[in-house]
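Reading the structure
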Amino acid sequence: MAALLAEPSLLTPLSHSPNPRRVLFPSNHRYPTLHPNPFLLSISSYPPPCPCSAGTLDPDPAAENPNLNPNYNSIASTRVEGGRDRRRAVRIAWEKLVRWSRSWRSKNKSDVLEKTKKVVILGGGSFGTAMAAHLASKKAEMEVSVLVRDPHICRAINETHFNCNYFPEYKLPENIIATTNAKDALAGADFCLHAVPVQFSSSFLEGISQHVDPKLPFISLSKGLELNTLRMMSQIIPQALGNSRQPFIVLSGPSFAVELMNKLPTAMVVASKDKKLASAVQQLLASPHLRISTSSDVTGVEIAGALKNVLAIAAGIVEGMHLGNNCMAALVAQGCSEIRWLATKMGAKPTTLTGLSGSGDIMLTCFVNLSRNRTVGLRLGSGEKLDEILSSTSQVAEGVSTAGAVIALAQKYHVKLPVLTAVARIIDNELTPKKAVLELMNLPQVEEV
């Protein structure tokens, strides 16, 4: 209507029509009949057109120009008031959030850190070292004992306060003490952080079980599935220690060790069937640069942490083959669905899979070059052989071992996992990356679930 009034010539053909009303309006359309010519009604008689209806989001010139619009002052005043109301609402919402935060902190203030005298870290790799540094920096009076295998690393940490294999450029807090003796490391510990790779955890824990207090809480940092048994760490730790009641917590979420060392903002989740224990570990680990959420869904947190490593290998393969962003997005979306299908069959909560330990960890591991598993996939997609890739790195890419276990789990729970299965076949050298892509693209076109 506005266009017609702006350009009178557009009305000319209609003036010769025997029934112009039928041309522009449906038979059941009601319009004002007080004016002899409805086409000349004021624009204000109709709702103003949406700015985007003409293909543009530019503001109406009449609304912005006092010379064109007699109601300019009224419109401007309304906008100013609207802006003030919006800013006031945002400020009030933020103030409520801050007050809630302060109230929650005062009611849930814990003395866990104050009571903790010693924490032991099993494993002096990148993440174990980062968590040791994080805890040691929270309380200088607390002893943080790191159990390592290499005497050279042990001596370097104690004498120079540097981990010469991992983060040689970062000086560690002086209350970190390294040892190769399990008995010394575990003696008097209030909490234990387990940072040994999954495939070696069972034999390692069996070897030190006689030194472990049956009430010592074990916080698992390891992600993956044991290849032959398909066990998760929540099963491996109590069975290897011979104590089904060993307190267990799993820590997971999007977290690169180097960013923890740099004290960059990070968020993770601790999961335990014991809510009080989860809360205690939350208080132990939380800091101004590390947010810790709690969960009771141990299975969901563990299985998401294990399967995202396999999906990251697939993402790396896509990158290495230069298959493009469309392919990457489709692959990761499909992989997320496969993880959800299997995890929920195993008893996980769907909400866990959209949280920090699910979507959060998947995004970090699949899209960032710091990911070890993504790097393995990238090199596979570029044409390198798996043996060459693994022999050239000292760090463990858990997805390589986990891939075979995932397929066995899928068979056990009767779930089809096309992308994760393709990764397992590539790792077993039964399928080339190029052939895997062709086979995946030729799967039946089905309804999205």
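Residues numbered from 1 in each chain as written. Predicted model: local features only at pLDDT ≥ 70, side-chain atom pairs only at ≥ 80, totals over all residues. Heavy atoms only, no water.

**What to know about the overall build of the chain**
- From N to C terminus, the chain includes 22 helices and eight strands.
- Contacts spanning at least 24 positions in sequence make up 70% of the contacts within the chain whose residues lie at least 6 apart.
- Here the chain has roughly 25,100 Å² of accessible surface; of this, 55% comes from carbon and sulfur atoms. (Helix = DSSP H or I, 4+ residues; strand = E, 2+ residues; numbered from the N terminus. Contact = heavy atoms within 4.5 Å. Areas by Shrake-Rupley, 256 points an atom, 1.4 Å probe, with all protein chains shown as cover.)

**Focus: the sheet that holds strand E3 (residues 176-179)**
- Taking strand neighbours across the sheet as the criterion, the eight strands line up as E3-E2-E1-E4-E5-E6-E7-E8 in an open arrangement whose pairing is mixed. Every other strand in the sheet has two partners, leaving E3 and strand E8 (290-295) as the edge strands with one partner each. On average, adjacent strands in this sheet sit at an angle of 25° to one another, irrespective of strand direction.
- Here three bridges tie strand E4 (residues 191-194) to strand E5 (residues 218-220), and the two strands are oriented parallel to one another. Pairing of Leu 193 across the sheet is with Ile 219, part of E5.
- Contacts between helix H11 (residues 233-241) and the sheet are confined to E4, E5 and strand E6 (248-252), with E5 contributing the most and set at about 145° to the helix.
- Along the sheet, helix H14 (residues 298-320) makes contact with E6, strand E7 (266-271) and E8, crossing E6 at roughly 45°. (Pairing = 2+ DSSP bridges. Axes fitted to C-alpha atoms, helices over the stretch in contact; angles between N-to-C directions.)

**Focus on the confidence of the model for the chain**
- Averaged over every residue, the pLDDT of the chain is 85; residues scoring 70 or more account for 82%.
- Throughout residues 1-58 the model reports pLDDT below 50, and contacts reaching past four residues in sequence, or to other chains, amount to 30 contacts. (pLDDT = per-residue confidence, 0-100.)

**Some thoughts on unusual backbone geometry**
- At Leu 230, a position not held by glycine, the phi torsion is positive, near 65°.
- Locating Leu 230 in the fold gives a position in the loop between E5 and H11.
- Within the chain, Asn 429 stands out as a residue other than glycine whose phi angle is a positive 65°.
- Secondary-structure assignment places Asn 429 in the loop between helix H21 (418-427) and helix H22 (433-441).
- Exposure remark for Asn 429: the relative accessible area of 63% places this residue in the exposed category. (Buried < 20%, exposed > 50% of the residue type's maximum accessible area, 1.4 Å probe, protein only.)

**Considering the pattern of salt bridges**
- If you walk through the whole model with that rule in mind, you get eleven salt bridges.
- Note that Asp 85 and Arg 88 form a salt bridge whose closest N and O atoms lie 2.7 Å from each other. Residue Asp 85 and its partner Arg 88 are both found in helix H5 (residues 72-107); the two are separated by three residues, about one turn of the helix.
- Under the relative-accessibility criterion, Asp 85 is labelled partly exposed at 40%.
- Close ionic contact of Arg 231 with Glu 226 constitutes a salt bridge, the shortest N to O distance being 2.7 Å. With respect to class, Arg 231 is no different from Glu 226; both count as buried.
- Look at the salt bridges and you will find they share partners, linking Arg 425, Glu 430, Lys 435 and Glu 439 into a network. (Salt bridge = Lys/Arg side-chain N within 4 Å of Asp/Glu carboxyl O.)

**Notes on the nonpolar core**
- One finds Leu 225, Leu 307, Leu 311 and Val 406 to be the most contacted residues of the largest nonpolar core, which totals 49 residues.
- The residues touching Leu 311, leaving out its near neighbours within four places in the chain, are Leu 331, Val 332, Gly 335, Cys 336, Ile 339, Ile 362, Cys 366, Val 419 and Leu 420.
- Membership of the second largest hydrophobic core comes to 42 residues, among which are Phe 127, Met 261, Val 270 and Val 281. (Core = buried A, V, L, I, M, F, W, Y, C linked by side-chain atoms within 4.5 Å.)

**Structural notes on the packing of aromatic side chains**
- Counted under the stated rule, the structure contains one aromatic pair.
- Note on Phe 167 and Tyr 170: the rings are 5.7 Å apart at their centroids and 90° apart in plane angle, and the pair reads as edge-to-face. (Phe/Tyr/Trp six-rings, centres within 6.5 Å; stacked < 30°, edge-to-face > 60°.)

**Side note on helix H20 (residues 398-412)**
- Helix length check: H20, at 15 residues, gives a terminal C-alpha distance of 21 Å against a target of 21 Å (1.5 Å per residue), a fit within 8%.
- Its maximal kink placed at Gly 404, H20 deviates by approximately 25°.
- Residues of H20 that are buried include every one of Glu 398, Gly 399, Val 400, Thr 402, Ala 403, Ala 405, Val 406, Ile 407, Leu 409 and Ala 410, and no others.
- Of the surrounding secondary structure, the elements contacted by the buried residues of H20 are helix H10 (198-208), H14, helix H15 (325-345), helix H18 (372-381), helix H19 (386-391) and H21.
- Looking one or two residues past H20, His 414 carries a phi angle of roughly 55°, positive in sign. (Expected span 1.5 Å × (residues − 1). Bend = angle between axes of the 7 residues up to and from the residue.)

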